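If you want the building blocks of each chain, they are given just below.
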Amino acid sequence: MTTATLDPVRIRREFPTLDQSVNGHPLVYLDNAATSQKPRAVLDALGAYYENDNSNVHRGIHELSRRATVAYEESRAKVASWVGATEPAEIVWTRGTTEAINLVSTAWGLNNVREGDEILISVLEHHSNIIPWQLLAQRTGAVIKYIEIDDQGRWVLEDLSDLLTDRTKVVAISHVSNALGTVNPVKEVAAAAHEVGALVLVDGAQGAVHIKVNVQDLGVDCYAFSGHKMCGPTGIGALWARRDLLDSMEPYQGGGEMIHLVEREMSTWAKVPHKFEAGTPNIAGAIGMGAAIDFLSEVGMDAIARHERDLLAYALERVSAVGGVRIYGPESLEEHSALISFTLGDAHPHDIATILDSEGIAVRAGHHCAQLAMKHFGISATARASIYLYNTEDDIDRLAEGLEQVRSIFA
Ligand code: PMP
């Protein structure tokens, strides 16, 4: 195991947005689970594409189109190796995690799920991994079942063998919870799901950001993630799925680029992944996501994970020392990703976030698109401080001082 460490103070110099004052204070950005900031290398890659190579991909027989196509496909290969795909063709570009899940629930779901079949998800899921399955259930007559959570926001798996039946067609679960930070035992559930022949889709929006993912090792069938949470641009993300699964699936959207031959009555489809990429894609976004992967690889995922673990431990200590704070999520650091979801006495989370914002500290407040998880705890919202590679102990000290101020106002 490498012992490389990272220097967040040096790293944050690569992120222009972090170098500013907000409401008269140096910015402390702790809303990384919503979206991360972008390093100069990603901004430069976007600029270089638009300034030098801007052209459509796979179409033009001219130099600019050739360059754009090479860069676009090279990025696909980087994304493929980022998650341990067998080949770049297993990566479908999407707008993000949400579109990747909708692609599977529609293109695979409508052809494989029937009335009375079962879809297993968890109450910890982001709405992006609930609503597409509810739509599929409404359209097919399938039934949704839920993995429940305990008082630390961890899946309750004692009754997993009852939840999985020979009618279970798909198990759709998150790698890491954006609402509570829980790192879920995806590998264990995937193995059990495969025993009953179910497809396993993982929402990796908060996974591939912090964890070195290997889809072969996880033993899953589909893994969805977003570029913007891992230093890349907005509007780009990816679906990894097994090649044979993608080959067997019907198209998701129709249009240019996804066809082989077009006839009056019916047409044939391009090979994967292009079968799923109708229309002009987000070329700059894909190139930017490739640059983000280069950046993160250079820093090193082991070093990032270690930094986040240390900073989370420090943050848990500082935040829990503020009177009236209640932290939601796993107590063990092993099971807890780099965010703290909390309430503070009677202060509404929106008030907490507003007071922190007046001090230049950005956190998220609300249900975090996880209303079922909030309901489990009998609350409607929490405040959430989420950490990334450029955060420092100073950021956490400022957060703790801001929370003392909130406490003094609401005491
Ligand atoms: N799942 C989880 C766990 C998330 O945190 C998010 C983003 N908040 C999503 C899905 C949706 O990602 P996107 O909006 O990039 O499609």
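Parameters at a glance
Residues numbered from 1 in each chain as written. Predicted model: local features only at pLDDT ≥ 70, side-chain atom pairs only at ≥ 80, totals over all residues. Heavy atoms only, no water. Pairing = 2+ DSSP bridges. Helix = DSSP H or I, 4+ residues; strand = E, 2+ residues; numbered from the N terminus. Axes fitted to C-alpha atoms, helices over the stretch in contact; angles between N-to-C directions. Buried < 20%, exposed > 50% of the residue type's maximum accessible area, 1.4 Å probe, protein only. Arc of directions from axis to C-beta. Core = buried A, V, L, I, M, F, W, Y, C linked by side-chain atoms within 4.5 Å. Domains from an automatic or database assignment. Contact = heavy atoms within 4.5 Å. Phe/Tyr/Trp six-rings, centres within 6.5 Å; stacked < 30°, edge-to-face > 60°. Lys NZ or Arg CZ within 6 Å of the ring centre and 35° of its normal. Parallel < 35°, antiparallel > 145°, perpendicular 65-115°, else oblique. Left-handed = near helix turned anticlockwise from the far one by under 90°. Patch = residues over 30% accessible without salt bridge, like charges linked within 9 Å, V, L, I, M, F, W, Y side chains within 5 Å. Areas by Shrake-Rupley, 256 points an atom, 1.4 Å probe, with all protein chains shown as cover. Salt bridge = Lys/Arg side-chain N within 4 Å of Asp/Glu carboxyl O. Buried area = accessible area lost by both parts, 1.4 Å probe. 1 Å grid on protein atoms, 1.4 Å probe; cavity = no way out; pocket = protein on both sides within 12 Å on 5 of 7 lines; lining within 4 Å. Points joined across faces, edges and corners; volume = space filled by probe spheres on them. Near = heavy atom within 4 Å. Polar contact = N/O pair within 3.5 Å; in protein donor to acceptor, adjacent residues only side chain to side chain. Sits in = over half its atoms within 2 Å of the grid points. Nonpolar A, V, L, I, M, F, W, Y, C, P; charged D, E, K, R; others polar. Expected span 1.5 Å × (residues − 1). Lys, Arg positive; Asp, Glu negative; His and termini not counted. Charge placed at Lys NZ, Arg CZ, Asp CG, Glu CD.

K.L.:
How would you sum up the sheet that holds strand S5 (residues 118-122)? Please name residues and give values.
P.N.:
Here seven strands make up an open sheet; going across it, the order is S4-S10-S9-S8-S7-S5-S6 and the pairing mixed. Each of the sheet's edge strands pairs with one partner strand only, and the pair in question is strand S4 (91-94) and strand S6 (143-147). Each strand axis lies, on average, 20° off the axis of its neighbour in the sheet, ignoring direction. Here four bridges tie S4 to strand S10 (residues 237-241), and the two strands are oriented antiparallel to one another. Opposite Thr-94, over in S10, you have Gly-237 as the bridge partner.

K.L.:
So what's going on with helix H7 (residues 186-195)? Residues and values would help.
P.N.:
Listed in full, the buried residues belonging to H7 are Val-186, Val-189, Ala-190 and Ala-193. Down the axis of H7, the smallest arc covering the buried residues is 105°, so these residues share one side. Looking one or two residues beyond H7, the residue adopting positive phi is Gly-197, at roughly 80°.

K.L.:
Can you break down the nonpolar core residue by residue, with the values?
P.N.:
Judged by nonpolar contacts, the single largest core of 76 residues is most densely connected at Phe-225 and Leu-389. Ranked by residue count, the leading element in this core is helix H10 (residues 283-299), at eleven residues. Both domain 1 (8-30 + 301-406) and domain 2 (44-297) contribute no fewer than three residues apiece to this core. Setting aside chain neighbours within four positions, we find Leu-389 in contact with Leu-6, Pro-8, Ile-11, Phe-15, Cys-231, Phe-295, Leu-296, Val-299, Ile-304, His-307 and Glu-308.

K.L.:
With reference to specific residues and values, describe the packing of aromatic side chains.
P.N.:
Under the defined criterion, the tally for this structure stands at seven aromatic pairs. When the ring of Tyr-388 is compared with that of Tyr-390, the centres are 5.8 Å apart and the planes differ by 75°; the resulting orientation is edge-to-face. Look at Tyr-390 and you get buried, because its relative accessible area is 0%. Linked through ring pairs, Phe-15, Phe-295, Tyr-388 and Tyr-390 together constitute an aromatic cluster. Lys-212 extends its terminal NZ or CZ atom over the ring of Trp-82, reaching a point 4.6 Å from the ring centre.

K.L.:
Break down the packing of helix H12 (residues 349-358) against helix H14 (residues 393-410) for me, with residues and values.
P.N.:
Closest axis-to-axis distance for the H12/H14 pair is 9 Å, and the angle between their directions is 125°. Considering the angle they form, H12 stands oblique to H14. For the pair H12 and H14, the sense of crossing is right-handed. Between H12 and H14, the contacting residues are Asp-351, Ile-352, Ile-355 and Leu-356 on the first element and Leu-399, Gly-402, Leu-403, Val-406, Ile-409 and Phe-410 on the second.

K.L.:
Run through a nonpolar patch on the surface, naming residues and quoting values.
P.N.:
A cluster of nonpolar residues, Ile-259, Val-262 and Trp-269, forms a patch on the protein surface that exposes about 270 Å² of accessible area. The topology assignment puts Val-262 in strand S11 (residues 259-262).

K.L.:
Got a sec to walk through the domain arrangement of the chain? Specific residues and values, please.
P.N.:
When the parts of a complex come together, some accessible area is lost, and that lost area is often used as the size of the interface. When cut into domains, the chain gives domain 1 (8-30 + 301-406) and domain 2 (44-297). Each of domain 1 and domain 2 was reduced to a C-alpha centroid, and the two centroids are 28 Å apart. Listed as interface residues are 31 residues of domain 1 and, on the opposing side, 32 residues of domain 2. Interface of domain 1 and domain 2: buried area, both sides summed, is about 2500 Å²; carbon and sulfur atoms make up 62% of it.

K.L.:
Explain the layout of surface pockets to me, using residue names and the numbers behind them.
P.N.:
Roughly 340 Å³ of volume is contained in the largest pocket. What lines the largest pocket is a set of 25 residues, among which His-126, Ser-128, Ala-205, Gln-206 and Lys-229 lie closest to the centre. For the lining of the largest pocket, the leading source of residues is helix H4 (residues 97-112), giving three residues. The residue makeup of the lining of the largest pocket includes at least three contributed by each of domain 1 (8-30 + 301-406) and domain 2 (44-297).

K.L.:
Before we move on, could you go through the site of the ligand and cite the residues and values that matter?
P.N.:
As a matter of local geometry, the ligand sits amid Gly-96, Thr-97, Thr-98, His-126, Ser-128, Asn-178, Asp-203, Ala-205, Gln-206, Ser-226, His-228 and Lys-229. Within the backbone of Thr-97, one N or O atom sits 3.4 Å away from an oxygen atom of the ligand. One of the side-chain nitrogen or oxygen atoms of Thr-98 is found 2.6 Å away from an oxygen atom of the ligand. Applying the majority rule of atoms within 2 Å of the grid points places the ligand in the largest pocket. Along the lines of polarity and charge, the residues of the shell around the ligand split into one nonpolar, nine polar and two charged.

K.L.:
Lay out the pairing of S11 in plain terms, naming residues and giving numbers.
P.N.:
Note that S11 and strand S12 (residues 267-269) share two bridges and pair antiparallel. The residue of S12 that forms the bridge with Ile-259 is Trp-269. Linking S11 back to S12 in an antiparallel pair, the connection comprises four residues.

K.L.:
How would you sum up H10? Please name residues and give values.
P.N.:
Look at H10: 25 Å from first C-alpha to last across 17 residues, which is about the 24 Å you get at 1.5 Å a residue. Counting buried positions over the 17 residues of H10 gives 14, a clear majority of the element. The opening residue of H10, the one whose side-chain oxygen lies 2.7 Å from the backbone nitrogen of Gly-285, is Asn-282.

K.L.:
Any chance you could break down a negative patch on the surface for me, citing the residues and the numbers?
P.N.:
Judged by side-chain charge, Glu-148, Glu-158, Asp-159 and Asp-162 come together as a negatively charged surface patch. Looking at the secondary structure, you find Glu-158 in the loop between S6 and helix H6 (160-163). When its relative accessible area of 72% is taken as the criterion, Glu-158 is described as exposed.

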